[in-house]
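Residues per chain, in single letters:
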Amino acid sequence: MSTPYDALFTPGKDREPDVHTVDLALRMARESLDRCAPQNIHSYGAMMTAAVDLDFALRQLVTALDAERGESQ
């Protein structure tokens with residue numbers, strides 16, 4: 001499907017997150033939040049960086065939770 005924009009994540013095309021323990025994925029998500037919190041909301045570049053950082057951290061956390069529960073995508 002063609003879109004006039006680049007998607008943040010394209011399943012099947014982009015690299016899936018590594019499977020970590022839930023504790024590690026949670027720590028990484030918290031670190032991502034700490035990195036993103038002080039960024040300038042009026043800066044396009046800072047918000048793009050934050051969006052990618054948070055998206056990947058959330059995907060890692062969901063992957064770890066799914067693995068712990070014995071589920072897969």
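Scroll up to find the structure this text is about.
Read on for a plain summary of the structure.

The rules behind these values
- Residues numbered from 1 in each chain as written.
- Predicted model: local features only at pLDDT ≥ 70, side-chain atom pairs only at ≥ 80, totals over all residues.
- Heavy atoms only, no water.
- Helix = DSSP H or I, 4+ residues; strand = E, 2+ residues; numbered from the N terminus.
- Buried < 20%, exposed > 50% of the residue type's maximum accessible area, 1.4 Å probe, protein only.
- Contact = heavy atoms within 4.5 Å.
- Areas by Shrake-Rupley, 256 points an atom, 1.4 Å probe, with all protein chains shown as cover.
- Lys, Arg positive; Asp, Glu negative; His and termini not counted.
- Charge placed at Lys NZ, Arg CZ, Asp CG, Glu CD.
- Expected span 1.5 Å × (residues − 1).
- Core = buried A, V, L, I, M, F, W, Y, C linked by side-chain atoms within 4.5 Å.
- Axes fitted to C-alpha atoms, helices over the stretch in contact; angles between N-to-C directions.
- Parallel < 35°, antiparallel > 145°, perpendicular 65-115°, else oblique.
- Left-handed = near helix turned anticlockwise from the far one by under 90°.
- Nonpolar A, V, L, I, M, F, W, Y, C, P; charged D, E, K, R; others polar.
- Salt bridge = Lys/Arg side-chain N within 4 Å of Asp/Glu carboxyl O.

**Things to note about the overall build of the protein chain**
Looking only at helices and strands, one finds two helices and zero strands in the protein chain. Taken over 73 residues, the protein chain has a buried fraction of 23%. At a minimum sequence separation of 6, the contacts of the protein chain that also span at least 24 residues come to 62%. Carbon and sulfur atoms provide 57% of the accessible area of the protein chain, an area that totals close to 5,700 Å². Taking the average location of the 7 positive side-chain charges in the protein chain and that of its 12 negative ones, the two points are 1 Å from each other.

**Describing helix H2 (residues 44–68)**
One full turn of an α-helix is made of 3.6 residues, so residues set three or four places apart face in the same direction. In this model H2 runs 36 Å from its N-terminal to its C-terminal C-alpha over 25 residues, within 8% of the 36 Å that 1.5 Å per residue would give. Listed in full, the buried residues belonging to H2 are Ala46, Ala50, Asp53, Asp55, Ala57, Gln60, Leu61, Thr63, Ala64 and Asp66. Directly beyond the C-terminal end of H2, a positive phi value near 80 degrees is found at Gly70.

**What about the nonpolar core?**
One finds Val22, Ala25, Ala29, Ala57, Leu61 and Ala64 forming the largest nonpolar core, which totals six residues. Beyond its immediate sequence surroundings of up to four residues, Ala29 is in contact with Ala57 and Leu61.

**Focus on the packing of helix H1 (residues 22–36) against H2**
In the contact formed by H1 and H2, the axes pass within 9 Å of each other and the chain directions differ by 165 degrees. It follows that H1 is roughly antiparallel to H2 by the angle criterion. The interaxial crossing formed by H1 with H2 has left-handed handedness. Touching Val22, Ala25, Leu26, Met28, Ala29, Ser32, Leu33, Arg35 and Cys36 of H1 are Ala50, Asp53, Leu54, Ala57, Gln60, Leu61, Ala64, Leu65 and Glu68, all from H2. Here the residues of the contact of H1 with H2 are counted per class, giving 13 nonpolar, two polar and three charged.

**Concerning the pattern of salt bridges**
Applying the stated criterion across every chain, the model contains three salt bridges. Taking the shortest distance from any N to any O, the salt bridge between Glu31 and Arg27 comes out at 3.2 Å. Highlighted residues: Glu31 and Arg27, both in helix H1, separated by four residues, approximately one helical turn. We classify Glu31 as partly exposed; its relative accessible area is 35%. Between Arg59 and Asp55 there is a salt bridge; the shortest N-O distance is 3.1 Å. Linking Arg59 with Asp55, this pair stays in helix H2, spanning four residues, or about one helical turn. Using a relative accessible area of 27% as the deciding quantity, one classes Arg59 as partly exposed.

Interpretation note: all reported values are geometric properties and have no functional meaning in isolation.
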